[in-house]
Amino acid sequence: GALISATAELLQLAVWRVLAGRLESPVSIMAVWMRRCLLLTCFTALLSLSSADDCGHTAPEAGWYRLCHGSIKTVEIGENTSVSLYISPPLNSSEPSLVLNVTLQSHIKHPRGAHIVDLPSQVTLQNGNTTVLLMRGISAGRDNLRFSYASEEENVSTPIKNLNNVQPEVAIVHSLPLNIVIIVVGWIYFVAWSVSFYPQIIENFRRRSVVGLNFDFLALNITGFLAYGIFNVGLYWISSIEATYFQRHPGGVNPVQLNDVIFTLHAIWATAFTIFQCFIFERGGQRVSYSALVLLTLMWLTIFISLFVAVGGKLDWLDFLYVFSYIKLAVTLVKYVPQAWMNCRRRSTEGWSIGNVLLDFTGGVFSLLQMFLISYNYTSGDLRVLADRGEGCFGCLEAQRVRTGHCSSAARRRK
C-alpha cells in the first residue's frame, strides 16, 4: 500500500509540474520518489524475513484433524532453528499423543547430497499442547519438512486432512545480513523497472510529440505485459491452477509473488497511458508496421487456439497459462528491435528517452546481482537457481539494450 501511495504521489507531482510548465528534468522527480522509497524497501526487507502461521482459522470437517505449524526462522550454518507443531482441534482424551515421521524432501539438490539440517526422525504431538521440533543447520540451502504417520493405526484413529500438504520450508544461509541485502536488491530492481516507464511519458509531455517513439515497440510491449499479467494473476490468484502447479512440483513454491502482480498491472497501465499519448500528441504519420501486425496476429491466434483447446479439456489451464509466458518471452526478445532500427535509420534518438534505457539497465543489473547472491547464500554455489527465473534473460537483454541507447545518444549529440 505504501508503494502504491508513493507511486500515486509521483504521478500527481509529475502532472502538476507539467500543467504548471515547471518540469525541468525527469531526474529530479525520480530522485524525490527514490528517496521516499528507500526506507520503505528496507522496512519491507525486514518484514519479508518472517512468515505467518500456516494453519488458518477455518474449522476442519467433522471427524478430521488439521496439522498446524508456525514459521521457521532462517538461520546460518551451525545455528539451531525450530518449528512449532500442534493438532487442531485437540485430540480426544483417549488419544493422548500422536507420533509422526519427519523427513526432508529436497527440491534443490545440495552438494554431495548432504541434508541441510539435522533433525529427529519422529516427533510426538501431545494432546492440547504445542510441540517444538528442533533442528540444526549443517549446509546452506532450502528444503521442506514432510510428515507421515508412524503407524497405520494412527492413520485410522486420527485422520489429518492436510497431512500431505503440510510442507514448512527450512532455509539455511551463509549470512543473515546478506539475506537482507538480497531482499533490498530485489526491491531496488522492482522500483527501477517500475519507474522506467515514466521518463518516456514525461518526455512526451515535454515535447507534446511522440515522434521518435516507435509504435511497433509499443504494440509489442502492451501485448507482452498483457500476457505476463494474465500469467501472474492466474497463477497467483486462481487456486485450482496453483494446486495443479504444486501437484507437478511437490515441495516447490509459487514462482509468482505479490510484487510480480503489482509490477505487471502497473506496467500495463503505464504502457496503455503511453499509447494514449500517441493519440493526443503529434506523431508525424507514424503507425504500426505490417510486419509487427503479422507477428501480433500470430501471437493472439496462438492464444485463442490454446484457449479453445483448454476449454475442450485437451489442455490443462496451467499449460494454457504457460502459453502466455512464452508469448511474453518472445515479445521481450524482439520488442526492442524496431526502436533500435528506427534510431539507426534516423541517426538520432530524439523522442526516445535515455532515462527509460538507463532504468531498464539498472533493473536488469540488480536482478542478475540478486540471483547470484541467492545462489551463493542459499545453494552453496549451485547456479541452477538461475534457470528458475525468467528475469535472467530479461536482465541480459537490458544490458544489450543500453548499449544501443548509449551509441544512439552519441549520435544525437553529434547532430
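Residues numbered from 1 in each chain as written. Predicted model: local features only at pLDDT ≥ 70, side-chain atom pairs only at ≥ 80, totals over all residues. Heavy atoms only, no water.

Caption draft 1: Structural detail: the overall build of the chain. In terms of regular secondary structure, the chain is built from 13 helices and nine strands. Counting over 415 residues, the chain shows a buried share of 46%. Taking the intrachain contacts of the chain between residues at least 6 apart in sequence as the baseline, contacts between residues at least 24 apart amount to 76%. For the chain, the exposed area adds up to about 21100 Å²; of that, 62% sits on carbon and sulfur atoms. (Helix = DSSP H or I, 4+ residues; strand = E, 2+ residues; numbered from the N terminus. Buried < 20%, exposed > 50% of the residue type's maximum accessible area, 1.4 Å probe, protein only. Contact = heavy atoms within 4.5 Å. Areas by Shrake-Rupley, 256 points an atom, 1.4 Å probe, with all protein chains shown as cover.)

Caption draft 2: Molecular detail of the sheet that holds strand 5 (residues 117-118). Spatially, the four strands line up as an open sheet ordered 1-3-7-5, and their pairing is antiparallel. The open sheet has two edge strands, strand 1 (66-69) and strand 5, and neither has a second partner. Relative to strand 7 (residues 131-137), strand 3 (residues 80-88) runs antiparallel, the two being bridged by six bridges. The residue bridging Thr 81 from the neighbouring strand is Met 135, located in strand 7. (Pairing = 2+ DSSP bridges.)

Caption draft 3: View of unusual backbone geometry. Although it is not a glycine, Arg 208 adopts a positive phi angle of roughly 55°. Structurally, the position occupied by Arg 208 is in the loop between helix 5 (198-207) and helix 6 (215-237). Judged by relative accessible area, Arg 208 falls into the partly exposed class, the value being 44%. At Arg 347, a position not held by glycine, the phi torsion is positive, near 55°.

Caption draft 4: Highlighting a nonpolar patch on the surface. A cluster of nonpolar side chains, contributed by Trp 237, Ile 238, Leu 258, Ile 262 and Leu 265, occupies part of the molecular surface with about 460 Å² of accessible area. Per-element tally for the nonpolar patch: the top contributor is helix 8 (residues 258-280), with three residues. Among the structural elements, Trp 237 can be located in helix 6. (Patch = residues over 30% accessible without salt bridge, like charges linked within 9 Å, V, L, I, M, F, W, Y side chains within 5 Å. Salt bridge = Lys/Arg side-chain N within 4 Å of Asp/Glu carboxyl O.)

Caption draft 5: Up close: the pairing of strand 8 (residues 141-149). The pairing of strand 4 (residues 97-105) with strand 8 spans six bridges and is antiparallel. Each residue of the ladder has a partner; that of Leu 100, found in strand 8, is Tyr 149. Sheet topology note: the strand 8/strand 9 (residues 169-173) ladder contains four bridges and is antiparallel. From the neighbouring strand, Asp 143 faces strand 9, where its bridge partner is Val 170.

Caption draft 6: Spotlight on the packing of helix 10 (residues 317-334) against helix 11 (residues 336-346). At a minimum axis distance of 5 Å, the contact between helix 10 and helix 11 shows a crossing angle of 10°. When the axes of helix 10 and helix 11 are compared, the pair comes out roughly parallel. In contact with Thr 332, Leu 333 and Val 334 of helix 10, helix 11 contributes Tyr 336, Val 337 and Pro 338. Along the lines of polarity and charge, the residues of the contact of helix 10 with helix 11 split into five nonpolar, one polar and no charged. (Axes fitted to C-alpha atoms, helices over the stretch in contact; angles between N-to-C directions. Parallel < 35°, antiparallel > 145°, perpendicular 65-115°, else oblique. Nonpolar A, V, L, I, M, F, W, Y, C, P; charged D, E, K, R; others polar.)

Caption draft 7: The packing of aromatic side chains, seen in detail. Applying the stated criterion across every chain yields a total of 17 aromatic pairs. When the ring of Phe 225 is compared with that of Phe 263, the centres are 6.2 Å apart and the planes differ by 75°; the resulting orientation is edge-to-face. Of this pair, Phe 225 sits in helix 6 while Phe 263 sits in helix 8, and the two are 38 residues apart along the sequence. Comparing Phe 225 with Phe 263 shows no difference in burial state: the two are buried. Here the aromatic rings of Trp 300 and Phe 304 are separated by 6.4 Å at their centres, their planes lie at 40°, and the arrangement is tilted. Of this pair, Trp 300 and Phe 304 both sit in helix 9 (residues 290-311), four residues apart, which is roughly one turn of that helix. Residue class for Phe 304 comes out partly exposed when judged on its relative accessible area of 43%. Among the aromatic residues, ring-to-ring pairing joins Trp 187, Phe 190, Phe 197, Phe 225 and Phe 263 into one connected group. Residue placement shows Lys 328 over the ring face of Phe 225; its charged tip is 4.2 Å from the ring centre. (Phe/Tyr/Trp six-rings, centres within 6.5 Å; stacked < 30°, edge-to-face > 60°. Lys NZ or Arg CZ within 6 Å of the ring centre and 35° of its normal.)

Caption draft 8: Focus on the side chain of Thr 223. Its place among the elements puts Thr 223 in helix 6. Of the polar contacts made by the side chain of Thr 223, one reaches the backbone oxygen of Ala 219; its length is 3.0 Å. Leaving out residues up to four positions away in the same chain, Thr 223 has contacts with Leu 296, Met 299, Trp 300 and Ile 327. (Polar contact = N/O pair within 3.5 Å; in protein donor to acceptor, adjacent residues only side chain to side chain.)

Caption draft 9: Focus on the nonpolar core. In this structure, Leu 67, Leu 100, Leu 145 and Phe 147 are the most contacted members of the largest nonpolar core, which totals 26 residues. If you list the elements that add at least two residues to this core, you get strand 3, strand 4, strand 6 (122-126), strand 7, strand 8 and strand 9. Sorting elements by how many residues they give to this core places strand 4 first, with four residues. Those residues within four positions of Leu 145 in sequence are excluded, and the remaining contacts are Ile 72, Val 83, Val 102, Thr 103, Leu 104, Leu 119, Leu 133, Met 135, Val 166, Gln 167, Pro 168 and Val 170. Judged by nonpolar contacts, the second largest core, of 21 residues, contains Met 299, Ile 303, Tyr 322 and Ile 327. (Core = buried A, V, L, I, M, F, W, Y, C linked by side-chain atoms within 4.5 Å.)

Caption draft 10: Inspection of helix 6 at higher detail. In this model helix 6 runs 32 Å from its N-terminal to its C-terminal C-alpha over 23 residues, within 8% of the 33 Å that 1.5 Å per residue would give. Burial of helix 6 is extensive: 18 of the 23 residues sit out of reach of the surface. (Expected span 1.5 Å × (residues − 1).)

Caption draft 11: The environment of Ile 354, seen in detail. Turning to its location among the elements, Ile 354 is positioned in helix 12 (residues 354-379). When the C-alpha positions of Ile 354 and Pro 199 are compared, they lie 7.9 Å apart, and in sequence the two are 155 residues distant.

Caption draft 12: A look at the environment of Asp 360. Relative to the helices and strands, Asp 360 is located in helix 12. Linking Asp 360 and Trp 193, residues 167 residues apart in sequence, is a C-alpha distance of 5.6 Å.

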